[in-house]
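This is what each chain is made of:
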Amino acid sequence: MVIAGLAVTVLGFIISLASLTLSASAGGRLGIVLAGLAISLFGIIGLINKAYLKNPIWKK
Amino acid sequence: MKKLLLSISTVWLLAGITLAQTPPPPALTTAAPAIGAAAATTPAPIAITDQDLKSVEPPKADVRAKGDPDGNLTGNVSDIAVSDSKKGLSVADVLNQIGQNKIGINFTWALICGFLIMFMQAGFAIVEAGLCRAKNANHTMMMNFMVYAIGMFAFWIIGFPLQMGGVGGIGNLGGSPVLNGEHVVQIFGKPFGIFGTKGLFLMKDGTYDVSVMLVFLFQMVFMDTALTIVTGTAAERWKYTAFCVSSFVMGAFTYPIFANWAWGGGWLANLGANFGLGKGYCDFAGSGVVHSVGGLTALAMGIIIGPRIGKFSRSGKPNVIQGHDITMVLTGCFILIFGWFGFNPGSTLGASGSGNLRIASVAVNTMLAGTTGAFGAMFYMWMRYGKPDASMSGNGLLAGLVAITAPCGFVNPVASAIIGLVAGVLVCLSVEFVERVMRVDDPVGAISVHGANGLWGVIALGLFADGKSNYGGSWNGVNGSVTGAFYGDTGQLVAQLIGVTALIGFVFTTSFILNWLIDVFVGQRSSAKAELEGLDLPEMGALGYPEFELKPSTTSHGI
């Protein structure tokens, strides 16, 4: 789960980088970059952090 | 009271947004009448020769012997260095002196600002120590003290060449061309600078050079600021050995690589030149490069190291763990405001020429954003919890300063006030989110102050830059002034957002992997026994307050 989260976080970055070649307009690039940003945030909050919350110190 | 505060804030915010976007008044259609005929003609240039300079004499010895109480005699023609004593003073000597005076002013400005930034370490140290419990005071202060030495050493032997080794000549500092090695790869058919290669030990390839030394000092204190952010999040449970290794790795690799992309001639700075996105990724003084890098590394550390014992009850409900000295916290905030005048205005790297007098505007923007940040946090806490919380007001001030750090050189005062106000509220919301939703324990709020607001500052630049700044006519190699989306350039906002995804996608993941490896091989966390006892004795061998009797339990539910 943590590794998947790291991969998704990097994927979001790669998608935003790909906007440079996927679209020539500022609006198109803006949309792709925002999508990449959302994916990266999901990787951190939804996957990596969640994996660490499965067995937290306060439940031990 | 809550309704009154809410309505005042709303009206103020709306008025501010309108003012910030108000276009300048139209130019007068009729030219102002010339005052006399002479004003309409340009005087013919007068050639000055070496012979003319012979008639300029220093004050007579008998006059000089009487002293100079009004300061009109000290500093004159005799102070200009003469290159050939037989020929005497020449025009070339005068011009060289003028050039050196300009660079001398810039050197002095940048060095003094660098010293101010260095002093910020003291501010961070006492803010963090004040927000931690007394039983960890020695450990927290020692981390903040030694991070300066560890970071500087790592930066000297590895980090500086990676960051600035390919930056090229910096005009404000004399344009020395020796830092000219950037490792470049081709992506999408364009050159992407990844890291620099010159400047190893400040000795090789001609980098034993006065302007390189200045660049090193200034960049080193920025780097150390980023490193010290992490100590706040991991405080009260970070094993000292792991702290040393982690700080070294961050100062040597993580920070310098991103800083190269933004400031060292790397690919982010060239998004404008290569892909037509505004002036490329812009970050005047480091909301992204310094604060987001520190804040996102702190987030990675906070997740890996886990919360302090007693921070969350078994149901996952967060408990309040009070710091031990609010006086230290707010005094530290004052020191940090003072240091920030080195951080932001100093980032012009000069005070003379190339639009550098805008340092006054940068300084005012910095003050305003800090002020409105403190207001935003204070009013938010007052409305939500009924009291104007002192530590969160301090964090609001820091959040405003963090957020204005990237845009301070490109925005107007009203925009600065709005950016700071948003930052002050954002830091409160982010602290609640990090603690209640993510359940990451951050004793000082560093993730929210530096991480969240660093990212907000980077985005704010892409929105509010008003196109009025002019630092020599171009920025990142693109002609014109930096202009945000609210003033017509959406491309600039896209460049900023790509910077944000690079921070999250590269800096966070790299920091996470490196700190996870340190956790595996060294262990990031102190033992539970040491944590409960307080880290001062188990980790440092001495108490911060040896003459005080410390209570064993300080959390809201008695652990």
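Residues numbered from 1 in each chain as written. Chains lettered and ligands numbered in written order. Predicted model: local features only at pLDDT ≥ 70, side-chain atom pairs only at ≥ 80, totals over all residues. Heavy atoms only, no water.

This next bit is on helix 1 (residues 2–22) of chain A. Between its first and last C-alpha, helix 1 of chain A extends 29 Å over 21 residues, near the 30 Å set by a 1.5 Å rise per residue. Gly5, Leu6, Thr9, Gly12, Phe13, Ser16, Leu17, Ala18, Ser19 and Leu20 of chain A are the residues of helix 1 of chain A that are buried. On its buried side, helix 1 of chain A packs onto helix 2 (26–53) of chain A together with strand 2 (190–196), helix 7 (240–263), helix 8 (271–275) and helix 15 (490–521) of chain B. (Helix = DSSP H or I, 4+ residues; strand = E, 2+ residues; numbered from the N terminus. Expected span 1.5 Å × (residues − 1). Buried < 20%, exposed > 50% of the residue type's maximum accessible area, 1.4 Å probe, protein only. Contact = heavy atoms within 4.5 Å.)

Here we take up the pattern of salt bridges. All names here are of chain B. Per the counting criterion, the structure on display carries 8 salt bridges over all chains. One salt bridge connects Glu432 with Arg384, and the closest N-O pair in it is separated by 2.8 Å. Residue Glu432 is located in helix 13 (residues 413–437), and its partner Arg384 is located in helix 11 (residues 359–385); the two are separated by 48 residues in the primary sequence. Since its relative accessible area comes to 42%, Arg384 is described here as partly exposed. In this structure, Glu531 and Arg525 form a salt bridge, with 2.8 Å as the shortest nitrogen-oxygen distance. Residue classification places Glu531 among the buried residues on the basis of a relative accessible area of 2%. Linked by salt bridges that have partners in common, Arg133, Glu236, Arg308 and Asp441 make up one network. (Salt bridge = Lys/Arg side-chain N within 4 Å of Asp/Glu carboxyl O.)

What follows covers the interface of chain A and chain B. The accessible area lost on association of the parts is a frequent measure of interface size. With 30 residues of chain A in contact, the opposing surface of chain B contributes 39 residues. Overall, the association of chain A and chain B removes approximately 2,800 Å² of surface from exposure, summing both partners, and the carbon and sulfur fraction of that is 82%. For the chain A face of the interface with chain B, the top three residues by lost area are Phe13, Leu20 and Trp58 of chain A, together amounting to 23%. At the boundary of chain A with chain B, the tally comes to 0 salt bridges. In this assembly, chain A and chain B are joined by 3 residue pairs in polar contact (both at pLDDT 80 or more). Elements with a minimum of two residues in the side of chain A that touches chain B: helix 1 and helix 2 of chain A. Take the side of chain A that touches chain B: its biggest share by element is 15 residues, from helix 2 of chain A. Residues belonging to the side of chain A that touches chain B are distributed by class as follows: 20 nonpolar, 7 polar and 3 charged. (Buried area = accessible area lost by both parts, 1.4 Å probe. Polar contact = N/O pair within 3.5 Å; in protein donor to acceptor, adjacent residues only side chain to side chain. Nonpolar A, V, L, I, M, F, W, Y, C, P; charged D, E, K, R; others polar.)

Any functional reading would require information beyond the geometric quantities listed.
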